[in-house]
Amino acid sequence: MKWIYSFVFVLCSLFMAQAETMVIGTYNIRNANAGDSTNGNGWGQRYPYIAQQVQFHGFDIFGTQEGKYHQLQDLKNAMPGYDYIGVGRDDGKQGGEYSAIFYRTAKFEVLDHGDFWLSTVTDRPNKGWDAVLPRICTWGKFRDKETGFTFLFFNLHMDHIGVQARAESAKLILKKVKEFPEKLPAVLTGDFNVDQTNESYLLLDNSGIMRDSYQIADFKYAPNGTFNNFHTDMKTDSRIDHIFLTKEFKVKRYGILTDTYRMEVKDSDKKEQSANFPKEVSLRKYIARTPSDHFPVMIEVEIDD
């Protein structure tokens, strides 16, 4: 009889250990432009590192901001097993920047998806309130193919100038979540262009509908804020890229990923010599660069049944 109890205990332990987890991210990948290329931060050199970073850290689903159509295609081609949903904010097709959502096709099925503009007129391209640019939110209804867990995912990029536009956009998102025909768990990612002290941030975090994942995480890794302006030697405490969640998600880990890569300095043959490391080690002068002017945010969540 003792072995039966042991067998049941092992089964229960295995069941508990297999609680569903998901890795969620948000990443402003920076629009491709000539100025960045001139300054050594061109898209062509950056995106392979973005793709490797996403895959190494095991993102299951993540929102992107600023990417244009060709950038999203580059990322998709560099990340086998991922696809995305979304449209360009300028024409609702392929024009302008997207707020695209990437997801692992082996894990998720897209049941429905759509887009709306952050404005009083939500069904076509336009600028809302005091915004200086049209701003779009892409959403998807996703189902986990293995467990059947179904949830909503919203991703946006709020205006960088319009104070009223950001506050009204926060209210609009909450309205969309509440009015969705099915009361499903929901995730909201994005570049909100405000930090954790701002009114529009607090409208979301104090809403009683969603919380900032940072605030409820069991473990936090945040050595910097989320905007770096392509500088590796700058520090900020401001988090302007956020992941908000409804109560069904338990946040195990929260991280701001401050990964960098190295770019060779032209016409430099200088090697560092030291008695403190083996002679077989060769150190050369390189420049540290960031894959984007924002650091991505990554969280690992468990689903609260």
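- If you check an unreviewed UniProt entry, the protein chain appears there as Endonuclease/exonuclease/phosphatase family protein from Candidatus Parabacteroides intestinigallinarum.

## Focus: the pattern of salt bridges
Working step 1: According to the stated counting rule, one finds 19 salt bridges in the structure shown.
Working step 2: Measuring nitrogen to oxygen at the nearest pair gives 3.2 Å for the salt bridge that ties Glu97 to Arg89.
Working step 3: According to the relative accessible area criterion, Glu97 is buried, its value standing at 12%.
Working step 4: In this structure, a network of salt bridges that share partners links the residues Arg30, Asp36 and Asp293.

## So, the side chain of Ser292
Working step 1: Residue placement: Ser292 occurs in the loop between β16 (286–289) and β17 (297–303).
Working step 2: Among the polar contacts made by the side chain of Ser292, one reaches the main-chain carbonyl oxygen of Asn28 at a distance of 2.6 Å.
Working step 3: If sequence neighbours within four positions are ignored, Ser292 has contacts with Tyr27, Asn28, Ile29, Arg30, Arg46, Asn228 and Phe230.

## Considering the packing of aromatic side chains
Working step 1: This structure, assessed with the given rule, holds 17 aromatic pairs.
Working step 2: On the basis of an interplanar angle of 20 degrees and a centroid distance of 5.6 Å, the ring pair of Phe149 and Phe151 is categorised as stacked. Neither Phe149 nor Phe151 differs from the other in exposure class; each is buried.
Working step 3: Joined through ring pairs, the aromatic side chains of Tyr103, Phe108, Phe142, Phe149, Phe151, Phe153 and Phe249 make up one cluster.

## Quick notes on the packing of helix α3 (residues 43–56) against helix α4 (residues 69–78)
In helix packing, the relevant descriptors are the interaxial angle and the interaxial distance, both defined with respect to the helix axes.
Working step 1: Where α3 contacts α4, the axes come no closer than 9 Å and their chain directions differ by 45 degrees. Considering the angle they form, α3 stands oblique to α4. For the pair α3 and α4, the sense of crossing is right-handed. Facing α3, whose interface residues are Trp43, Arg46, Tyr47, Ile50, Ala51 and Gln55, α4 presents His70, Gln71, Asp74, Leu75 and Ala78.
Working step 2: Taken together, the residues of the contact of α3 with α4 sort by class into six nonpolar, three polar and two charged.

How each quantity is defined
Residues numbered from 1 in each chain as written. Predicted model: local features only at pLDDT ≥ 70, side-chain atom pairs only at ≥ 80, totals over all residues. Heavy atoms only, no water. Salt bridge = Lys/Arg side-chain N within 4 Å of Asp/Glu carboxyl O. Buried < 20%, exposed > 50% of the residue type's maximum accessible area, 1.4 Å probe, protein only. Helix = DSSP H or I, 4+ residues; strand = E, 2+ residues; numbered from the N terminus. Polar contact = N/O pair within 3.5 Å; in protein donor to acceptor, adjacent residues only side chain to side chain. Contact = heavy atoms within 4.5 Å. Phe/Tyr/Trp six-rings, centres within 6.5 Å; stacked < 30°, edge-to-face > 60°. Axes fitted to C-alpha atoms, helices over the stretch in contact; angles between N-to-C directions. Parallel < 35°, antiparallel > 145°, perpendicular 65-115°, else oblique. Left-handed = near helix turned anticlockwise from the far one by under 90°. Nonpolar A, V, L, I, M, F, W, Y, C, P; charged D, E, K, R; others polar.

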